[in-house]
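Architecture at a glance
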Amino acid sequence: MHASRGTQKRSAGLGLALLSAFAFGGSGVAAKPLIEAGLDPLHVVWLRVAGAALIMLPVAWRHRNLVRERPALLVGFGLFAVAGVQAFYFASISRIPVGVALLVEYLAPALVLGWVRFVQRRPVTRAAALGVVLAVGGLACVVEVWAGLSFDVLGLLLALGAACCQVGYFVLSDHGGQEAKGREGKGGDGGSVEPPPPLGVIAYGLIVGALVLTVVARPWGMDWSLLGGTAGMNGTGVPAWVLLGWIVLIATALAYGTGVVSVRMLSPQVAGVVACLEAVIATVLAWVLLGEHLSAPQLIGGFVVLTGAFIAQSSAPKPPSGTVAAGVGAAAAATEGELSAGRASH
């Protein structure tokens, strides 16, 4: 019976992870026409996060005890996993193609493994190091370094900023579950420790992110009339409110909800591999809907980036055993296996 339940949980987790990857993958394609129509990238981010926060208000009220019990987790999720990822990503796609911006985020495994090796001073496997090298080499092909870095340098730096914030998304998404498991493993009081409800964490993360972005984006200066017009999508006019609705409902509320729940249900390796599909989905959608054609070297480079990210994630070192795994070590180990772009598109 336990095996059957495990199989059902794994299947459900895979389904949610796939749904999250598709939802996140379409965010850039819907947002870029709005940006090109005249909306500031930060205003698009604010609309996205604030709209999703409004939708999640009933969930936040239901889990209002989290404000007292896990304030640091909620603030961290709002700052990094919501505001940071979205602001950097949307700012980057205003300067570079959607597919390139997402592929840059696949340097995240390299960032995490570097942190584990040089900050935590823990060893990493040769296979993981090879994955990092492949990811960096593939990225060089994507940005065509032989052409003198033909892409906007600031756009690439902004995408790299999104990759850095992506680290926080996975650490904080899995942190509650790992923390609870670690406490149970100690056997201190013999009682079970419930992890924070993922939907509650998402709801308050969106609220915190919306508050932060309100200060940064200053939406009172936005040209609201643009939302009543149309935005061009590869020569076709699409109502701006339709694109915004897709971004808020599908690419944010649904994407975050299914993504965080799937991280709790799957192993780090599986979650990371499935999330790799997000970059592929975004690149294909940008090609079909926005006419962003990538050259053959860029497509090959993108494949190499995904391959390197897969190897780095699946070969990440295991967390230390004992009580250490219940704390920061467990969260870091989860991150090493789960990093992906995504959540950016998150």
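Source: prediction; values computed, not measured. (Residues numbered from 1 in each chain as written. Predicted model: local features only at pLDDT ≥ 70, side-chain atom pairs only at ≥ 80, totals over all residues. Heavy atoms only, no water.)

Each helix and strand in the protein was counted, giving 17 helices and two strands. Every one of the 346 residues in the protein was classed for burial, and the buried ones make up 54%. The contacts of the protein with a sequence gap of at least 6 include a subset with a gap of at least 24, amounting to 87%. Split by element, the accessible area of the protein, about 14,800 Å² in all, is 68% carbon and sulfur. (Helix = DSSP H or I, 4+ residues; strand = E, 2+ residues; numbered from the N terminus. Buried < 20%, exposed > 50% of the residue type's maximum accessible area, 1.4 Å probe, protein only. Contact = heavy atoms within 4.5 Å. Areas by Shrake-Rupley, 256 points an atom, 1.4 Å probe, with all protein chains shown as cover.)

Let's shift gears to the environment of V238. For V238, the location among the structural elements is in strand β2 (residues 236–239). Look at V238 and you get buried, because its relative accessible area is 16%. Along the primary structure V238 and P33 are separated by 205 residues, whereas in three dimensions their C-alpha atoms are 8.8 Å apart. Contact partners of V238, with chain neighbours within four places excluded, come to G229, T230, A231, M233 and L243.

Backbone geometry places R218, a non-glycine residue, at a positive phi of 50°. Relative to the helices and strands, R218 is located in the loop between α11 (198–217) and β1 (230–233). The class for R218 is exposed, based on a relative accessible area of 54%. A positive phi angle is found at N234, which is not glycine, with a value near 55°. Among the residues examined, N234 registers a relative accessible area of 48% and is labelled partly exposed.

Bringing the nonpolar core into the picture now. Within the largest apolar cluster, 73 residues are counted, with the highest numbers of intra-cluster contacts made by L34, V44, F77, Y89, I93 and L206. Among the elements that make up this core, the one with the highest residue count is helix α6 (residues 71–93) (10 residues). Beyond its immediate chain neighbours, meaning those up to four positions away, I93 contacts G28, A31, K32, I35, V98 and A101. (Core = buried A, V, L, I, M, F, W, Y, C linked by side-chain atoms within 4.5 Å.)

A separate point is the confidence of the model for the protein. Here the protein averages 77 in pLDDT, and 74% of its residues register 70 or above. When pLDDT is averaged over each helix and strand of the protein, the minimum, 37, is found for helix α16 (residues 328–338) and the maximum, 95, for helix α4 (residues 57–62). Low pLDDT, under 50, characterises residues 186–191; the stretch is placed with three contacts to residues that sit more than four places away or in other chains. Scored below 50 in pLDDT, residues 319–345 makes 98 contacts in the model with residues more than four places away or belonging to other chains. (pLDDT = per-residue confidence, 0-100.)

Moving on: α6. Each α-helix winds once per 3.6 residues, and so residues spaced three or four apart point in a common direction. Taking 1.5 Å per residue, 23 residues should reach 33 Å; α6 reaches 32 Å between its end C-alpha atoms and fits that length. In the structure, α6 departs most strongly from a straight axis at A83, where the bend amounts to approximately 30°. The buried fraction of α6 amounts to 17 of the 23 residues, a majority that puts the element mostly inside the structure. (Expected span 1.5 Å × (residues − 1). Bend = angle between axes of the 7 residues up to and from the residue.)

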